[in-house]
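Here is how the chains run, residue by residue.
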Amino acid sequence: MSSSVGSLNRQAGTAAEQTAGLVAVAYAPSKTFLNAVTLQYVYVRELSGTNILINVGCPGYVATDLNGFRGVRTPEQGAAIAIKLATLPDGGRTGTFFDDAGVVPW
Ligand SMILES: NC(=O)c1ccc[n+]([C@@H]2O[C@H](COP(=O)([O-])OP(=O)(O)OC[C@H]3O[C@@H](n4cnc5c(N)ncnc54)[C@H](OP(=O)(O)O)[C@@H]3O)[C@@H](O)[C@H]2O)c1
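Residues numbered from 1 in each chain as written. Predicted model: local features only at pLDDT ≥ 70, side-chain atom pairs only at ≥ 80, totals over all residues. Heavy atoms only, no water.

## Points about the side chain of N67
Selection criterion: Only runs of H or I of at least four residues qualify as helices and only runs of E of at least two qualify as strands under DSSP, and these elements are numbered from the N terminus. Under this definition, polar contacts are N or O atom pairs within 3.5 Å; protein pairs additionally need one hydrogen-donor-capable and one acceptor-capable atom, and for neighbouring residues in sequence, both atoms have to be side-chain atoms. Throughout, a residue-residue contact means that at least one pair of heavy atoms, one from each residue, lies within 4.5 Å.
Position of N67 among the secondary structure elements: in the loop between β1 (56-57) and α4 (75-86). Within the structure, N67 has its side chain in polar contact with the backbone nitrogen of G71 (distance 3.3 Å). Beyond its immediate stretch of four places on either side in the chain, N67 contacts Y61 and V62.

As structure tokens, then:
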């Protein structure tokens, strides 16, 4: 489970996520690191070449302990991406960063 604030593409841009990335000086890079490690498992480490699909997902801004319940999404809405990724069909996408709206740029 990653976060769109870990997207290097978005951290380099002027989108709203950039502000969140700057505020979260450790959190955002921790997700960038997670994304990079995930890609290693997809492409060069022991799960590469297997039929195991390896993706990361972002739940969106969810009201949880993490943000003092300031998030605008419910936990049920946030959980949807995990269910989507856990139920991808055989041969589905791998090495992809998703949120509910679709593909997030790395
Ligand atoms: N909330 C958001 O807006 C948001 C947005 C983007 C991404 N995310 C990501 O979504 C994931 C879940 O976030 P959340 O908002 O649900 O956070 P949360 O409310 O802080 O919950 C974190 C959960 O992780 C568990 N945990 C923490 N450290 C652990 C450890 N060392 N070993 C085992 N379990 C551990 C906690 O268990 P205890 O309760 O037992 O401590 C808790 O159940 C995180 O990866 C977060 O970065 C969240």
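## Here's the deal with α4
Going by this rule: By definition here, a helix of n residues has an expected span of 1.5 Å times n minus one.
Look at α4: 17 Å from first C-alpha to last across 12 residues, which is about the 16 Å you get at 1.5 Å a residue. Close packing links the buried residues of α4 with β1 and β2 (97-99).

## Side note on the environment of K31
Selection rule: Burial classification: accessible surface area is computed with a 1.4 Å probe over protein chains only, and a residue below 20% of its type maximum counts as buried, one above 50% as exposed, and the rest as partly exposed.
Along the chain, the position of K31 falls in helix α3 (residues 27-43). On the basis of relative accessible area, K31 is assigned to the buried category, the value being 15%. Discounting chain neighbours no more than four positions away, the residues touching K31 are M1, S2, S3 and G6. Within polar-contact distance, the side chain of K31 engages the backbone oxygen of M1 at 2.9 Å.

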